[in-house]
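Fold and contact review
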Amino acid sequence: VVVATTTISAVTEDAEATVKGLGTVGLNVGRNQFYIEVTSKDDKINTYTLVIYRKDANDSSLQALTVMNHKFVFNRTTYEYDLSVDTSELPLDIDAIPSDENAKVEIIGNDDYNIGDNDVQVKVTAADGETTSTYTLHVNVGKSANTYLSELSVSDAELDPTYKKGFIGPYQVT
């Protein structure tokens, strides 16, 4: 929950039992523990424990940041990372998971790269709509070393064997 207060309510099975610990309660950020005490007509007591976790509405951090095929150690309080890629890896496959599921994540600059230095920003806006954090990926784009064909064919004939990426031949035409 993100709210600052909540109302605890309960109904006893026995209409003659009494309940303490109900009503509106304040919530601190983090763990909050409450006790609901039910006393029977013959003075037996059962105490229920209720734990409520309140999230911080201004949490604009990430719990995880990954870039497919690139390994780096992510820390939610580290806001800059360096990557080297070649053009065949663009755009980057970025997965950014906010610490608060109600926060919004926007990836900026993952669509227009130049050879050399580029910045991709991962902007996180907290649930309050105002608090933001920006994680920056400093991406150095090198020239592609990819020498693979995506397909190979000859009109009105078949290749033997059928084209397979990584196999450079020989191919025969039948």
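Scroll up to find the structure this text is about.
Here's what I pulled together on the structure shown here.

Criteria and cut-off values
- Residues numbered from 1 in each chain as written.
- Predicted model: local features only at pLDDT ≥ 70, side-chain atom pairs only at ≥ 80, totals over all residues.
- Heavy atoms only, no water.
- Helix = DSSP H or I, 4+ residues; strand = E, 2+ residues; numbered from the N terminus.
- Rg over C-alpha atoms; globule rule 2.2 N^0.38 Å.
- Buried < 20%, exposed > 50% of the residue type's maximum accessible area, 1.4 Å probe, protein only.
- Contact = heavy atoms within 4.5 Å.
- Areas by Shrake-Rupley, 256 points an atom, 1.4 Å probe, with all protein chains shown as cover.
- Lys, Arg positive; Asp, Glu negative; His and termini not counted.
- Charge placed at Lys NZ, Arg CZ, Asp CG, Glu CD.
- Pairing = 2+ DSSP bridges.
- Salt bridge = Lys/Arg side-chain N within 4 Å of Asp/Glu carboxyl O.
- Axes fitted to C-alpha atoms, helices over the stretch in contact; angles between N-to-C directions.
- Patch = residues over 30% accessible without salt bridge, like charges linked within 9 Å, V, L, I, M, F, W, Y side chains within 5 Å.
- 1 Å grid on protein atoms, 1.4 Å probe; cavity = no way out; pocket = protein on both sides within 12 Å on 5 of 7 lines; lining within 4 Å.
- Points joined across faces, edges and corners; volume = space filled by probe spheres on them.

Overview of the overall build of the chain
- Summing up its helical and strand segments, the chain has zero helices and 13 strands in all.
- For the chain, the succession of helices and strands along the chain, N to C, is β-β-β-β-β-β-β-β-β-β-β-β-β.
- In summary, the chain has a C-alpha radius of gyration of 29 Å against a globular reference of 16 Å for 174 residues, an excess of more than 25%.
- The dimensions of the chain, computed from C-alpha atoms along their principal axes, are 95 × 40 × 25 Å.
- Residue burial in the chain is summarised as follows: out of 174 residues, 25% are buried.
- A sequence separation of at least 24 residues applies to 41% of the contacts in the chain between residues at least 6 apart.
- Carbon and sulfur atoms make up 47% of the accessible area of the chain, which amounts to about 12000 Å² in all.
- Of note, the chain has its 13 positive side-chain charges centred 9 Å away from the centre of its 27 negative side-chain charges.

Points about the pairing of strand 11 (residues 132-142)
- One ladder, built from seven bridges, connects strand 7 (residues 80-86) with strand 11; its direction is parallel. Bridged to Asp-86 within strand 11 is Gly-142.
- Pairing geometry for strand 10 (residues 116-125) and strand 11, over ten bridges, is antiparallel. From the neighbouring strand, Asn-118 faces strand 11, where its bridge partner is Val-139.

Quick look at the pattern of salt bridges
- Enumeration according to the criterion identifies one salt bridge in this entry.
- Between Asp-59 and Arg-76 there is a salt bridge, with its nearest N and O atoms 3.5 Å apart. Of this pair, Asp-59 sits in the loop between strand 5 (45-54) and strand 6 (62-67) while Arg-76 sits in the loop between strand 6 and strand 7, placing them 17 residues apart in sequence.
- Overall, the relative accessible area of 18% leaves Asp-59 in the buried class.
- Judged by its relative accessible area of 40%, Arg-76 is partly exposed.

So, the sheet that holds strand 11
- Reading across the sheet, the four strands line up as 7-11-10-9 and stay open at both edges, with mixed pairing between neighbours. Among the strands making up the open sheet, the edge pair consists of strand 7 and strand 9 (104-108). Across the sheet, the axes of successive neighbouring strands diverge by a mean angle of 20 degrees, strand direction being ignored.
- Pairing analysis gives five bridges linking strand 9 to strand 10, with the strands arranged antiparallel. Directly across from Ile-107, in strand 10, lies its bridge partner Val-122.

Quick notes on a negative patch on the surface
- Together, Glu-80, Asp-82, Asp-117 and Asp-119 make up a negatively charged patch on the protein surface.
- Elements that contribute at least two residues to the negative patch include exactly strand 7 and strand 10.
- With respect to the helices and strands, Asp-82 occurs in strand 7.
- Given a relative accessible area of 63%, Asp-82 falls into the exposed group.

Section: the layout of surface pockets
- Space inside the largest pocket adds up to approximately 230 Å³.
- Taken together, 15 residues form the lining of the largest pocket, with Thr-12, Glu-13, Val-38, Asn-46 and Tyr-48 sitting closest to its centre.

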